[in-house]
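Residue-level listing of the chains:
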Amino acid sequence: MVSFALHGIGVSGGIAIGRAQLVSHATLEVAHYTLAAHQVAAEIERFAAAVADVHSELEGLRASLTGGENPGEFAAFLDVHSMILGDPTLAEVPKQIIADKRCNAEWALTLQIGALTSQFEQIDDAYLRERKADVVQVGERVLKRLMGRPGALPAPRAEEQTILVAHDLSPADVIQFKQHRYAGFITDLGGITSHTAIVARSLNVPAVVATHHARQLIREGEMLIIDGGHHVVIVNPDRAVLAEYRLRQEEFGLARQKLRRLKSKPAQTIDGIRVHLYANIELPEDIEPALANGAEGVGLFRSEFLFLNRPGLPGEEEQFEAFRKVAHGMQGRPVTIRTLDLGADKELAGLEGLTRVAPNPALGLRAVRFCLAEPKLFQTQLRAILRASHYGSVRILIPMLASAAEIEQTLAMVARAKQSLGEQGIPFDPNVQVGGMIEIPAAVIAIGAFLRRLDFLSIGTNDLIQYTLAVDRSDQSVSHLYDPLHPAVVKLVAAAIGAAARARVPLAVCGEMAGDVQLTRLLLGLGLRDFSMHPSHLLQVKQSVLKTDVAAIAPLVERIRRADDPARIAELVAQLNA
Ligand code: PEP
Ligand code: MG
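Residues numbered from 1 in each chain as written. Chains lettered and ligands numbered in written order. Predicted model: local features only at pLDDT ≥ 70, side-chain atom pairs only at ≥ 80, totals over all residues. Heavy atoms only, no water.

A.B. asks: Would you mind showing me how to read the site of ligand 1 here?
C.D. replies: Close to ligand 1 lie 15 residues, the nearest being Arg302, Arg338, Gly460, Asn462 and Arg473. Between an oxygen atom of ligand 1 and a main-chain N or O atom of threonine 461, the distance comes to 3.0 Å. Considered on its own, ligand 1 offers 290 Å² of accessible surface; in the complex 99% of this is hidden by protein. Looking at the shell around ligand 1, the elements with two or more residues in it are strand S10 (298–302) and helix H19 (461–469). Among the elements that line the shell around ligand 1, the one with the most residues is H19, at three residues. A per-class count over the shell around ligand 1 returns three nonpolar, four polar and eight charged. (Near = heavy atom within 4 Å. Polar contact = N/O pair within 3.5 Å; in protein donor to acceptor, adjacent residues only side chain to side chain. Areas by Shrake-Rupley, 256 points an atom, 1.4 Å probe, with all protein chains shown as cover. Helix = DSSP H or I, 4+ residues; strand = E, 2+ residues; numbered from the N terminus. Nonpolar A, V, L, I, M, F, W, Y, C, P; charged D, E, K, R; others polar.)

A.B. asks: What am I meant to see in the pattern of salt bridges here?
C.D. replies: Opposite charge on two side chains allows them to pair when their charged atoms are near. Tallied over the full model, the rule gives 23 salt bridges. We note a salt bridge from arginine 141 to glutamate 57, for which the minimum N-O separation is 2.7 Å. Taken as a pair, arginine 141 in helix H7 (residues 132–146) and glutamate 57 in helix H1 (residues 40–63) lie far apart in primary sequence, 84 residues in all. Both residues of the pair, arginine 141 and glutamate 57, belong to the buried class. In this structure, arginine 453 engages glutamate 408 in a salt bridge whose closest nitrogen and oxygen atoms are separated by 2.5 Å. Separated by 45 residues along the polypeptide, arginine 453 in helix H18 (residues 448–453) and glutamate 408 in helix H16 (residues 404–423) bring together distant segments of the chain. (Salt bridge = Lys/Arg side-chain N within 4 Å of Asp/Glu carboxyl O. Buried < 20%, exposed > 50% of the residue type's maximum accessible area, 1.4 Å probe, protein only.)

A.B. asks: I'm lost on the pairing of strand S4 (residues 162–166) in this one. Help?
C.D. replies: The two faces of a sheet get side chains in turn, since along a regular strand they alternate between them. Here S4 lies mainly inside the structure; five of its five residues are buried. Here S4 shows a buried face lined by Thr162, Leu164 and Ala166 and a second buried face lined by Ile163 and Val165. Taken together, the four bridges between strand S3 (residues 15–22) and S4 define a ladder with parallel strand orientation. Residue arginine 19 lies in a different strand from S4, and its bridge partner there is threonine 162. Looking at chain direction, S4 and strand S5 (residues 184–187) are connected through four bridges and run parallel. Bridge pairing in S5 links isoleucine 163 to glycine 184. (Pairing = 2+ DSSP bridges.)

A.B. asks: Is there a simple way to think about the packing of aromatic side chains in this case?
C.D. replies: Given two aromatic rings, their pairing is described by the distance between the two centres and the angle made by the two planes. Counted according to the given criterion, the structure contains two aromatic pairs. Relative to phenylalanine 323, the ring of phenylalanine 301 has its centre 5.6 Å away and its plane inclined at 85°; by these criteria the two rings are edge-to-face. Remark: phenylalanine 323 occurs in helix H13 (residues 316–329) and phenylalanine 301 occurs in strand S10; sequence separation between them is 22 residues. Like phenylalanine 323, phenylalanine 301 is buried. Seen from their ring centres, phenylalanine 320 and tyrosine 391 are 5.8 Å apart, and the 55° between their planes marks the pair as tilted. Of the two residues, phenylalanine 320 sits in helix H13 while tyrosine 391 sits in the loop between helix H15 (375–388) and strand S12 (393–398), which places them 71 residues apart along the sequence. Here the basic side chain of arginine 324 rests over the ring of tyrosine 391, its NZ or CZ set 5.7 Å away from the ring centre. Over the ring of phenylalanine 456 we find arginine 395, and its NZ or CZ is 3.7 Å from the ring centre. (Phe/Tyr/Trp six-rings, centres within 6.5 Å; stacked < 30°, edge-to-face > 60°. Lys NZ or Arg CZ within 6 Å of the ring centre and 35° of its normal.)

A.B. asks: Help me out: how do you make sense of the environment of leucine 90 in this one?
C.D. replies: Assignment of secondary structure puts leucine 90 in helix H3 (residues 88–91). Leucine 90 gets classed as buried once you look at its relative accessible area, which sits at 3%. Taking the C-alpha atoms as reference, leucine 90 lies 7.7 Å from leucine 109; in sequence the two are 19 residues apart. Beyond its immediate sequence surroundings of up to four residues, leucine 90 is in contact with Phe47, Ile84, Leu85, Leu109, Leu116, Val138 and Gly139. (Contact = heavy atoms within 4.5 Å.)

A.B. asks: Sorry if this is basic, but what is going on with the coordination of the magnesium ion (ligand 2) here?
C.D. replies: In a perfect tetrahedron of four donors around a metal, the angles come out at 109.5 degrees. In a perfect octahedron of six, they are 90 or 180 degrees. In the first shell of the magnesium ion (ligand 2), the protein supplies Glu439 (OE) and Asp463 (OD), at 2.0 Å from the metal. Residue glutamate 439 is located in the loop between strand S13 (433–438) and helix H17 (441–445), and its partner aspartate 463 is located in helix H19; the two are separated by 24 residues in the primary sequence. Accessibility expressed as a relative area gives 2% for glutamate 439, which makes it buried. Exposure remark for aspartate 463: the relative accessible area of 2% places this residue in the buried category. (Donors = N, O, S within 2.8 Å, 3.2 Å for Na, K, Ca; no water.)

A.B. asks: Explanation requested: the sheet that holds S3 in the structure shown.
C.D. replies: Neighbouring strands of a sheet are bound in pairs by backbone hydrogen bonds; such pairs are parallel or else antiparallel. One open sheet holds the eight strands; their spatial order is S1-S8-S7-S3-S4-S5-S6-S2, and the pairing between them is mixed. The two strands at the open ends of the sheet, each matched to only one other strand, are strand S1 (4–7) and strand S2 (9–12). On average, adjacent strands in this sheet sit at an angle of 30° to one another, irrespective of strand direction. Sheet strands touched by helix H11 (residues 239–260): S3, strand S7 (223–227) and strand S8 (232–235). Its angle to S3, the strand with the most contacts, is close to 120°. (Axes fitted to C-alpha atoms, helices over the stretch in contact; angles between N-to-C directions.)

A.B. asks: What is the right way to read the sheet that holds strand S15 (residues 507–509) from this model?
C.D. replies: Strand order in the closed barrel formed by eight strands is S9-S10-S11-S12-S13-S14-S15-S16, with parallel pairing between adjacent strands. Adjacent strand axes in the sheet meet at a mean angle of 30°, parallel and antiparallel pairs treated alike. Where strand S14 (residues 456–459) and S15 come together, three bridges link them in parallel fashion. Its bridge partner being in S15, serine 458 is matched across the sheet by alanine 508.

A.B. asks: Would you take a moment to explain the environment of methionine 513 for this structure?
C.D. replies: Within the element layout of this structure, methionine 513 appears in the loop between S15 and helix H21 (520–525). Once residues lying within four places of it in the same chain are set aside, the contact partners of methionine 513 are Thr461, Ile465, Pro484, Val489, Leu519 and Leu523.

A.B. asks: Hey, could you run me through unusual backbone geometry in this one?
C.D. replies: Only a minority of non-glycine residues have a phi that is not negative, and only a minority of peptide bonds are not trans. Look at alanine 210: it is not a glycine, yet its phi comes out positive at around 60°. Counting through the fold element by element, alanine 210 comes out in the loop between strand S6 (207–209) and helix H10 (214–217). The exposure class assigned to alanine 210 is buried, which follows from its relative accessible area of 12%. In this model, methionine 400 sits at a positive phi of 65°, which is unusual for a non-glycine residue. With respect to the secondary-structure elements, methionine 400 resides in the loop between S12 and H16. Taking relative accessible area as the criterion, methionine 400 reaches 0% and is therefore assigned buried.

A.B. asks: Hey, could you run me through H19 in this one?
C.D. replies: An α-helix turns once every 3.6 residues. As a result, residues three or four positions apart point the same way. Extensive coverage of H19 is indicated by the burial of eight of its nine residues. For H19, every residue scored as buried is listed here: Thr461, Asn462, Asp463, Leu464, Ile465, Gln466, Tyr467 and Leu469. The secondary structure elements touched by the buried residues of H19 are S10, S13, H17, S14, helix H20 (487–503) and S15.

A.B. asks: I would appreciate a short explanation of the environment of leucine 386 in the present structure.
C.D. replies: Along the chain, leucine 386 falls in helix H15. For leucine 386, a relative accessible area of 0% translates into the label buried. Separated by 28 residues in the primary sequence, leucine 386 and valine 414 have C-alpha atoms spaced 8.7 Å apart. Beyond its immediate chain neighbours, meaning those up to four positions away, leucine 386 contacts Ile396, Val414, Ala417, Lys418, Leu421, Pro427, Phe428, Asp429 and Val432.

Written out as structure tokens, the structure is:
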């Protein structure tokens, strides 16, 4: 048997080893035949019955989700699929095609799926375009019904681990992973933001999507290895490779288990310094992994994600609901909501009538600059955040501040939002704290203006590095120059931490540096006590905190702080972690 590798996008880390189980791809196997005139009515009925069956099937799956521990997104995806199925373009138009063309229901439905998907391809909006996959998945489900195949996935073979190989899987398919213990899955289609990928991540199942030809190249029963972390699938591995991966799988499992035990342990260094570890989140759903990994609060809620991948802008009510959900869900733990950071790589399409972002967007009208230029939009968001502050411990964080004038203007906007809520008798926390992000070198160099006016600070190292080194963080061609350990970056981070400590203003780091376990000791040594990071890094960073003696590393950290040769810094950091 030939051994080969397929590359795709690993949507969920970890390693799975098992035998391939192929999932059929109904649209490729559809028959086409002509009906006699008297058969048409019965064929239309057969189609309607299949649609009704799939409706009940989706409803059944939806009802099975009331258990509580299921990720909320499942229900939302099933609702989307039920809605698509109820739409006349899918539920009614094929009946007309059956009547007009006197063709079988499967063929009529296939024609209509084709027509709908080509309409989707013309859409400019990336989010809506991606929903094409949902239409195809729903259509496929009805097709399988018509072809006499149940919607359920095949049960995994009992005797060994099974890996599903499919052209595409719908979120409804992936839900069945809860009933059957598949070891992992591989699909031809899908992307990092596809619904199926999102669900897979929340289930923690190793998976690789977007392999293009896996379904065609892999045969039933072949031995497979999925290495989600390295985005690769190995087909028919030889004995040595298999043994190596079994070992890695075991190590991965053990490490994960060990880390999980740290969830409720306070993050404290060997010499008794208490450290606080918070989560960065992008959507309300992210509080689930944050809590599961022991987050002590939300250190950064990137609120702009509520504005992306959707038609139109979210209004006050919608934003309030999202913020309230997080405030409530975090059960009294602090929740830091960052106001809109649109612009640069997070540009919003379709902001008709609003101030446009210019060329060189990273230096342009981004984040708080954009909000101050669009006071109505800013007021809407500030009111939504303030209203949520009544339901938990909410703080407001302002991105990309550069000067005292911007801080003053922003604080005036907050005061205005408070006043309007007060006049309307809408409750909010009058003492809500307002903090600023330190992302521009100017903010560190003239940090006094920040310390005097703001309640807390948070260093956004992703941008601080970009602006310090003049390296566009989203430009591949200069990514080798993007260096968190550049002496200038180390000195700026150290200066900000030191100044805030002297002024007794709380300061966190919420950029990627906070979640990089190689940098935990350095940041601790520089005096950092509040870290905010992607939930998946929390336990590893906690493990490093627990193993660090801050007093003992102080001399080495001091040498790093003074060094001005990048290679020397890298060497000293390696020593620090040894
Ligand atoms: C940062 O710049 O470090 C940060 C946390 O903000 P974002 O990555 O959203 O720009
Ligand atoms: Mg930033």
